Amino acid sequence: MRVLVSGGAGYIGSHTVLSLVAAGHDVVVVDDFSNSKPTVVGRLEALSGVHVPVHAIDLTDAAKTERLFAHEQIDAVVHFAGLKAVGESVAKPLEYYRNNLDSTLSLLEAMRHHGVHRLVFSSSATVYGEHAPVPYTEDYDRLSSSSPYGQTKVMIERIMADVAAADPALRVALLRYFNPVGAHPSGQIGEDPQGIPNNLMPFIAQVAVGRRDKLTVFGDDYPTADGTCERDYLHVEDLAAGHVAALEHLDDMVTPVRAFNLGTGTGTSVLAMLQAFERAVGRELPYEVGPRRAGDLPAFWADPTRAQTELGWQAVKTIDDMCADTWRWQQANPQGFPDA
Ligand code: UD1
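Numbers given for residues are sequential positions, taken from 1 along each chain in its written order. Reporting of local features is limited, given that this is a predicted model, to residues whose pLDDT is at least 70; pairs of side-chain atoms are given and counted only at 80 or more, and all residues count toward the totals for whole chains, interfaces and linings. In computing side-chain properties, one takes all heavy atoms of the structure into account and sets aside hydrogens as well as water.

- Per an unreviewed UniProt entry, the protein goes by the name UDP-glucose 4-epimerase and belongs to Isoptericola dokdonensis DS-3.
- The Catalytic activity (unreviewed entry) field of the UniProt record for the protein holds the comment "UDP-alpha-D-glucose = UDP-alpha-D-galactose".
- UniProt positions are given in the numbering used here, feature names are shortened, and annotations may be inferred rather than shown by experiment. Taken directly from UniProt, the Subunit (unreviewed entry) text for the protein runs: "Homodimer."

This is the structure:
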């Protein structure tokens with residue numbers, strides 16, 4: 001298939017580009033580079049051994065999106081592009097709703113106009129909100145999220161379901177990621193947050209490489225084994241493989257729109273993650289315990305049964321793999337991707 005990857009220069013998108021090429025698909029990337037560097041593209045080409053066509057456009061521009069589909073012969077879309085910082089979305093809700101919803105609407109319109117019927121969407125476990133029983137299962141239907149970012153994921157899932165209900169040809173896989181971490185084993189591509197990292201793994205990696213003084217653990221008085229929050233971390237390579245599996249199973253899904261959890265099914269605490277990273281680095285890393293972060297849930301993880309039985313997908317990489325690969329990437333690229 002010739003697959004359009006929106007946000008293909010970003011963290012998860014770039015790893016998925018490599019997995020798609022390795023699985024024999026042609027890839028076209030669209031990215032506005034608002035939160036990624038063009039230099040990732042050269043690395044993708046070096047690692048994959050193929051030319052990766054890139055369109056540097058903003059998908060909220062419906063006319064440009066339409067021209068992209070007129071220019072390229074697309075069979076399927078994997079849609080990652082979007083703003084994704086939880087805290088920023090609380091401060092800038094309009095920017096989040098405008099960007100994430102408009103880009104999705106442009107894509108869906110262009111897909112309809114050009115007869116593209118296959119779609120894989122980058123959703124998030126954040127759609128389960130604050131009250132879903134753990135482990136999370138896909139049939140939980142009171143989806144909600146406490147942040148505008150998360151709410152865009154809930155709304156986009158709904159929009160896609162409504163569009164598919166009106167178009168019997170459309171097939172959509174909604175992939176609900178848990179906590180993606182790690183990097184390509186080559187150390188050539190990985191997560192490159194701009195500014196101070198919001199998420200745990202890139203923060204620890206920047207402490208290890210000397211860009212940050214110490215990790216602040218956001219609360220150690222949660223009702224968990226060691227008092228710190230537990231999350232379902234999964235390797236970005238496993239996650240990328242999940243997209244390939246979903247794409248290749250669109251035609252045999254039991255319903256035209258189907259949600260799949262992509263997680264390991266196991267929770268790991270903040271302190272256990274720090275210890276695992278210390279093993280990868282070979283020394284202790286400085287940390288302090290600070291107050292809880294607003295909005296954090298104590299513990300959640302996936303029930304990944306559906307992806308296993310229906311997509312034949314299962315996460316195989318360990319926490320130690322995630323830390324070793326992140327550390328290799330961070331050491332080789334202490335400041336992330338170069339500007340040029
Ligand atoms: C966060 C978002 C989630 C989003 C996901 C991926 C929130 C509440 N949730 O998930 O919606 O889909 O990122 O971008 O922001 N931690 C520390 N110190 C740090 C950073 C994190 O102790 O400096 C802790 C957090 O309290 C949490 C765990 O590490 O318990 C994981 O945090 P993070 O990596 O930000 O992921 P989530 O909060 O699970």
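The rest of the description comes next.
**As for the environment of Asn-99**
Inference 1: Working definition: helices are DSSP H or I runs of at least four residues, strands are E runs of at least two. Numbering for both runs from the N terminus. Structurally, Asn-99 can be placed in helix α5 (residues 93–113).
Inference 2: On a C-alpha basis, the gap between Asn-99 and Ala-294 in space is 24 Å, while along the polypeptide they are 195 residues apart.
Inference 3: With residues up to four places along the chain from it excluded, the contact list for Asn-99 reads Thr-60, Gly-82 and Leu-83. Pairs of residues are marked as contacts when any of their non-hydrogen atoms sit within 4.5 Å.

**Some points on the site of the ligand**
Inference 1: Distances are taken per atom, and a residue is near a molecule or strand as soon as one of its heavy atoms is within 4 Å of it. Near the ligand you find 18 residues, and of these Leu-200, Thr-216, Arg-231, Arg-293 and Asp-296 are the closest.
Inference 2: Pairs of N or O atoms within 3.5 Å make up the polar contacts considered here, provided that, within protein, one atom can donate a hydrogen while the other can accept it, and that residues adjacent in sequence are counted only when both atoms are side-chain atoms. A distance of 3.4 Å is found between an oxygen atom of the ligand and a side-chain nitrogen or oxygen belonging to Tyr-149.
Inference 3: Here Arg-231 contributes a side-chain N or O atom positioned 2.6 Å from an oxygen atom of the ligand.
Inference 4: For the ligand, whose free accessible area comes to 740 Å², the fraction covered by protein is 88%.
Inference 5: Looking at the shell around the ligand residue by residue, the classes come out as nine nonpolar, six polar and three charged. Per-residue and other accessible areas were derived by the Shrake-Rupley procedure at a 1.4 Å probe size, with only the shown protein chains allowed to occlude residues. Only Asp, Glu, Lys and Arg are considered charged, only Ala, Val, Leu, Ile, Met, Phe, Trp, Tyr, Cys and Pro nonpolar, and every remaining residue, Gly among them, polar.

**Some words on the side chain of Asp-296**
Inference 1: Here Asp-296 shows up in the loop between β13 (287–290) and α10 (305–311).
Inference 2: In this structure Asp-296 comes out as buried when scored by relative accessible area, which is 18%.
Inference 3: When sequence neighbours within four positions are dropped, the list of residues in contact with Asp-296 reads Phe-218, Tyr-222, Cys-229 and Arg-231. For each residue, the accessible area found with a 1.4 Å probe, counting protein chains only, is set against the maximum for its type, and the residue is called buried under 20%, exposed over 50%, and partly exposed in between.

**Examining the nonpolar core**
Inference 1: Residues belong to one nonpolar core when they are buried, are Ala, Val, Leu, Ile, Met, Phe, Trp, Tyr or Cys, and are joined through side-chain atoms within 4.5 Å. If you look at the biggest cluster of nonpolar residues, it comprises 42 residues, and the most contacted ones within it are Val-120, Ala-173, Leu-175, Leu-262 and Trp-313.
Inference 2: Leave out the neighbours within four places in its chain, and Leu-175 touches Val-120, Phe-121, Ser-122, Ser-123, Ser-124, Gly-242, His-243, Ala-246, Phe-260 and Leu-262.

**Topic: the packing of helix α3 (residues 62–71) against α5**
Inference 1: At a closest axis distance of 9 Å, the pairing of α3 and α5 adopts a crossing angle of 35 degrees. Here α3 and α5 pass one another in a crossing that is right-handed. Along its contact with α3, which presents Ala-62, Thr-65, Glu-66 and Phe-69, the element α5 presents Ser-106, Leu-107, Ala-110, Met-111 and His-113.
Inference 2: Its residues placed into classes, the contact of α3 with α5 shows five nonpolar, three polar and one charged. Fitted lines through C-alpha atoms serve as axes, helices being fitted only where they are in contact, and the angles separating the N-to-C directions of these axes extend from 0 to 180 degrees. For a crossing to be left-handed, the near helix must be turned anticlockwise from the far one by less than a right angle; the clockwise case is right-handed.

**Remarks on the packing of aromatic side chains**
Inference 1: In summary, the pairing rule links any two rings of Phe, Tyr or Trp, Trp by its six-membered ring, whose centres are within 6.5 Å, and it sorts them by plane angle into stacked for under 30 degrees, edge-to-face for over 60 and tilted for everything else. According to the stated counting rule, one finds seven aromatic pairs in the structure shown.
Inference 2: Between Tyr-136 and Phe-300 the ring centres are 5.3 Å apart and the planes differ by 15 degrees, which places this aromatic pair in the stacked class. Of the two residues, Tyr-136 is situated in the loop between β5 (118–124) and α6 (148–166) and Phe-300 in the loop between β13 and α10; the sequence distance between them amounts to 164 residues.
Inference 3: One aromatic cluster is present, built from ring pairs that chain together Tyr-128, Tyr-136, Tyr-140, Phe-178 and Phe-300.
Inference 4: Two limits define a charge over a ring: the Lys NZ or Arg CZ must be within 6 Å of the ring centre, and within 35 degrees of the ring normal. Over the face of the ring belonging to Tyr-222 we find Arg-292, whose NZ or CZ atom lies 4.0 Å from the ring centre.

**So, the UniProt feature "domain: NAD-dependent epimerase/dehydratase" (unreviewed entry) in the protein**
Inference 1: What UniProt calls "domain: NAD-dependent epimerase/dehydratase" (unreviewed entry) maps, in this numbering, to residues 3–263.
Inference 2: Annotation note: span residues 3–263, helix share 39%, strand share 18%, distance between end C-alpha atoms 24 Å.

**Details of helix α7 (residues 200–208)**
Inference 1: Within α7, nine of the nine residues are buried, leaving the element largely enclosed by the surrounding structure.
Inference 2: Turning to α7, its buried residues number three or more, namely Leu-200, Met-201, Pro-202, Phe-203, Ile-204, Ala-205, Gln-206, Val-207 and Ala-208.
Inference 3: In this structure, the buried residues of α7 make contact with β7 (179–181), β8 (215–218), β10 (233–235), α9 (270–281) and α11 (319–332).
Inference 4: Immediately downstream of α7, the backbone of Gly-210 shows phi near 95 degrees, a positive value.

**A short note on the pattern of salt bridges**
Inference 1: Every case where a carboxyl oxygen of Asp or Glu lies within 4 Å of a side-chain nitrogen of Lys or Arg is listed as a salt bridge. The final tally for this structure, using the stated rule, is 17 salt bridges.
Inference 2: Between Asp-61 and Lys-64 there is a salt bridge, with the nearest N and O atoms lying 3.8 Å from each other.
Inference 3: On the accessibility criterion, Asp-61 (28% relative accessible area) is partly exposed.
Inference 4: Of the charged contacts, one joins Arg-118 and Asp-251 as a salt bridge, the two residues approaching to 2.9 Å between their closest N and O atoms. With Arg-118 in strand β5 and Asp-251 in the loop between α8 (236–249) and β11 (257–262), this pair connects stretches of sequence that are 133 residues apart.

**With respect to unusual backbone geometry**
Inference 1: Between Val-134 and Pro-135 the backbone carries a cis peptide bond, its omega angle lying at 0 degrees.
Inference 2: Within the fold, Pro-135 resides in the loop between β5 and α6.
Inference 3: Here the phi dihedral of Phe-33 falls at roughly 55 degrees; this positive angle occurs in a residue that is not glycine.
Inference 4: With respect to the helices and strands, the residue Phe-33 is situated in the loop between β2 (26–30) and α2 (39–48).

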